[in-house]
Amino acid sequence: MNIKTRHIWLILLALFAIVLPLILDSPFARHVLIVILLYSILGEAWSILGGYAGLLSFGQAAFFGIGAYTSTFLLINWGVSPWIGMIVGGFLAVLAAICLAYPCSKLQGHYFAIATLAFAEGLRIIFLNWNAVGGARGLDPPILPTSLWYLEFHESKLPYYYLLVLFLAVVMLAMWKLNSSRLGYYLRALRESNNAAESLGVNTKNCKVIATCISAFITAIAGTFYAQYVLYIDPASVMQLKLSIEIVLVTMFGGVGTMFGPLIGASFLTSISEIFRVVLGGAGRGMDLMIYGLLIMLISTLKPDGVWGLVTERLGRRPGKEKAKTSGE
Amino acid sequence: MQSILQVSGLTKKFGGLTANDDITFEVNRGEIVSIIGPNGAGKTTFFNCLTGFQRITSGSVIFEGRRIDQLSAPAIAKLGLVRTFQIVQTFAGMSVAENVIIGALMHTRNVEAARKRAADVLAFTGLSSKKDVLGKNLTIADKKRLEIARALASDPKLLLLDECVAGLNPNEVKEAVELLKRIIGAGITLLIVEHVMEVIMPISSRVVVLDSGKKIAEGRPQEIAADERVIKAYLGDRYDA
Amino acid sequence: MEQLGKLLIQMIISGVMMGFVFSLIAMGLTIIWGVMNIINFAHGEFLMIGMFFSFFFFKYVSIDPLFSLPMVAVLLFIIGFITYHLLIKKVLQGPVLAQLVVTFGLSIFLVNLAVFLWSADYRMIENPIASGKISLAGIAVSIPELVASIGSMIIGAAVYWFIKRTKTGMAIQAISMDKDAAAIMGINTDRLNAVSFAVGVMCVGVAGALLSNFYYVFPEVGSFFGVIAFATVALGGFGSIEGAMIAGVIVGLAEIVGGFLLAPAYKYAIVFAIYLAVVLIKPTGLKGW
């Protein structure tokens, strides 16, 4: 019964995701939806570290950048399909994650946050000065005829949208699997108490490294999608600290440690910032970002547990009632 | 009797301070050995050294014929030497059942199997009725009990309990001792660190007394209770005051 | 050979001089960090505000940055005090993440407020009193840099004295070591939090005023200094004032020497690399608790 209702909800959600861009058919609305999906994926990936393992990464942009740069570089220089490029990029990001996570696995809280931040900033500076990858000018993939194989669609944004929906679905499914796996239990345990976890045979270091690798892999793939969608990348857009922090924001506002948190956070924040950008950005002079900053401050002081908290508070009683009913029958 | 743990010449120094000084003793299979001593005697440091949470400065620790003093904490736990903490380390945001599942996952990857094992352990430790309560919402007594349950779920050969009755009221102490007796009944070897010695003495097969990091006495509870040095070092300052 | 020796001395002097400025910035950050356990992502933006104030004093009232320094310090102290009460205080009891992102929001807000009010243009203070170079035994020292480093040293020493020797300062130290104990001992943490935040903001603001003698003034200027300050503080050990002072000099030196050995463009990557290397050996930083 419970599982059945869950299935119905999932089917409804899938239908909604399929129909949504057909209703909101302006290029701008579709662009916003795509950005929402990208941030949701990035937020889910962050969640594996921040939500499960309690490792607050402020350097996700490093992995995103590695993904975006690898596939773009391969496409430009050797005409390699971004599908292969994204896998290569994913593995390079995993390599970077191992280099970062092994030494940093003993760091806690703020120290981990700053170490990841320093790592990403260091990488950004390297890319900024690395001529082979275009330095500060960045790279732009060649404009090829529309094809799935080269992940370029010029007539419509819809293919990007549906690919990202699929990607998000896969990531969420993986999160759901993780939740009920040994690794998922272990990550939550080490977040609560590293010592207690170790006393129960949990190799906390390995767990942290694995979590970082999974997160990096997903983030890098999202990087490739971004590069192919925007068809232009530079250190300022794919490796900036701002991106790393926005990924944190998205998850935080949606509610850390919840499955749909990143999606909700991304919908909320992206819509608002994109709308501000369009409505106020034209007026120029930073008005839109000023309000965005103000909003972040307001939410973190007034509703720090995330917007999702509002929803669960409202629906809080319902699942309980249902449960009582089923057990009564 | 067959020895399960052999500690010889264990020494732990923090800079100039010697927290454990040349401690040597054995634990035999099926025994209940208590380590007692006044505050600051080095009991918790000793536990940390045995379980790999701190590196020993010199000496050796042999568990089931294998030298373990250079192994990491999780590796030692996997061999079957599992500890609890004096200051409880409950997984606060997880339910009681989930806490125990973590322990049960030590020897299986299968979460369902771990869940079953956890249910058995919860029944054994009398926590079944609280299985859905979050760790942080438990009383101190239940947190201590949960810590034991978690360790038990990992199927230890030797269980190290760090002050499992300290801070409990007389009624809770009685329940805790009941649980200890059940654990002994299940054939698990126990090494207990305790400050409240009156409680632990009656169920111990042997007692080791630490003072200022050194082992000052070892023997049956009755012998220890009558030992001059122990009375002077420990009982003395407790009861004469 | 002699040439190389001179160059080396030149670099070391230059590195140490910038290092003192980094030290002052990091000191401000570490005080806030130690006392409130908050990463102030807007730290660099307060530096930017300090620079702009200094610039405006120069441009509109013709007061040289050196003389407007006390006023900038007082203004930044007040801004810090107000920021604490309006913003920081509200998240201190909240989740860690809220504490982490609230100052990020502030940072975006302040940068764009500056863009809104003063535009994104680069500005420069023309011919301040501290300008030019002096040459000693063939080693050229830039006067504005020298002034900035001496100024940073003086202010740094004053803040150090305040923390270590005054009653308020010692109470602040007590809070950063053990908040609960401090509260039990009847220390008014709220008032002291406000003071520490204000002092922290003042430190970085003064550093900004000193930098304005020889650095471009623009809304985005703070982001770079802010990020360097995080690495500096983490390198020194969170909450440790001595650590921040030492780490500042290390960062200054690393930047110059690293820039010389590799391409100058990579110099900040080297700062981060050094930080990561230190963290490997000592996770809590040089002087961390």
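Definitions and cut-offs
- Residues numbered from 1 in each chain as written.
- Chains lettered and ligands numbered in written order.
- Predicted model: local features only at pLDDT ≥ 70, side-chain atom pairs only at ≥ 80, totals over all residues.
- Heavy atoms only, no water.
- Helix = DSSP H or I, 4+ residues; strand = E, 2+ residues; numbered from the N terminus.
- Expected span 1.5 Å × (residues − 1).
- Buried < 20%, exposed > 50% of the residue type's maximum accessible area, 1.4 Å probe, protein only.
- Arc of directions from axis to C-beta.
- Contact = heavy atoms within 4.5 Å.
- Buried area = accessible area lost by both parts, 1.4 Å probe.
- Salt bridge = Lys/Arg side-chain N within 4 Å of Asp/Glu carboxyl O.
- Polar contact = N/O pair within 3.5 Å; in protein donor to acceptor, adjacent residues only side chain to side chain.
- Nonpolar A, V, L, I, M, F, W, Y, C, P; charged D, E, K, R; others polar.
- 1 Å grid on protein atoms, 1.4 Å probe; cavity = no way out; pocket = protein on both sides within 12 Å on 5 of 7 lines; lining within 4 Å.
- Points joined across faces, edges and corners; volume = space filled by probe spheres on them.

Topic: helix α6 (residues 170–185) of chain B
For an α-helix the count is 3.6 residues per turn, leaving residues at separations of three or four pointing the same way.
Residues and elements named next belong to chain B.
Part 1 of the reasoning: For α6, spanning 16 residues, the distance from its first C-alpha to its last is 23 Å, which sits close to the expected 22 Å at 1.5 Å a residue.
Part 2 of the reasoning: Considered for burial, the residues of α6 that qualify are Val173, Ala176, Val177, Leu179, Leu180 and Ile183. With its buried residues spanning 160° around the axis, α6 presents them on a single face. Away from its buried face, by an angle of more than 90 degrees, α6 presents the exposed residues Lys174 and Gly185.
Part 3 of the reasoning: Directly after α6, the chain includes glycine 187, whose backbone phi takes a positive value near 85°.

A short note on the interface of chain A and chain C
Often, the extent of an interface is quoted as the loss of accessible area upon association of its parts.
Part 1 of the reasoning: Contact with chain A, which involves 40 residues of that partner, is made by 43 residues of chain C.
Part 2 of the reasoning: Carbon and sulfur atoms make up 82% of the surface buried where chain A meets chain C, a total of about 3800 Å² over both sides.
Part 3 of the reasoning: Considering only the surface of chain A that becomes buried against chain C, His110(A), Tyr111(A) and Arg285(A) emerge as the three largest contributors, covering 19% of it.
Part 4 of the reasoning: Applying the counting criterion to the chain A and chain C interface returns zero salt bridges.
Part 5 of the reasoning: Taken together, the connections running from chain A to chain C amount to zero residue pairs in polar contact (both at pLDDT 80 or more).
Part 6 of the reasoning: Counting residues per element, the ones that place at least two in the side of chain A that touches chain C are α5 (109–128), α11 (241–254) and α13 (287–302) of chain A.
Part 7 of the reasoning: For the side of chain A that touches chain C, the element with the most residues is α5(A), which contributes eleven residues.
Part 8 of the reasoning: Looking at the side of chain A that touches chain C residue by residue, the class counts come to 28 nonpolar, seven polar and five charged.

Digging into empty space enclosed by the protein
Residue and element names in this part refer to chain B.
Part 1 of the reasoning: According to the stated counting rule, one finds one cavity of 30 Å³ or more in the structure shown.
Part 2 of the reasoning: Computed from the structure, the largest cavity encloses a volume of approximately 40 Å³.
Part 3 of the reasoning: Together, Thr84, Phe85, Val88, Lys144, Glu147, Ile148, Asp162, Glu163 and Cys164 line the largest cavity.
Part 4 of the reasoning: Counting residues per element, the lining of the largest cavity draws most heavily on helix α5 (residues 140–153), which supplies three residues.
Part 5 of the reasoning: Classifying every residue of the lining of the largest cavity by side-chain character gives four nonpolar, one polar and four charged.

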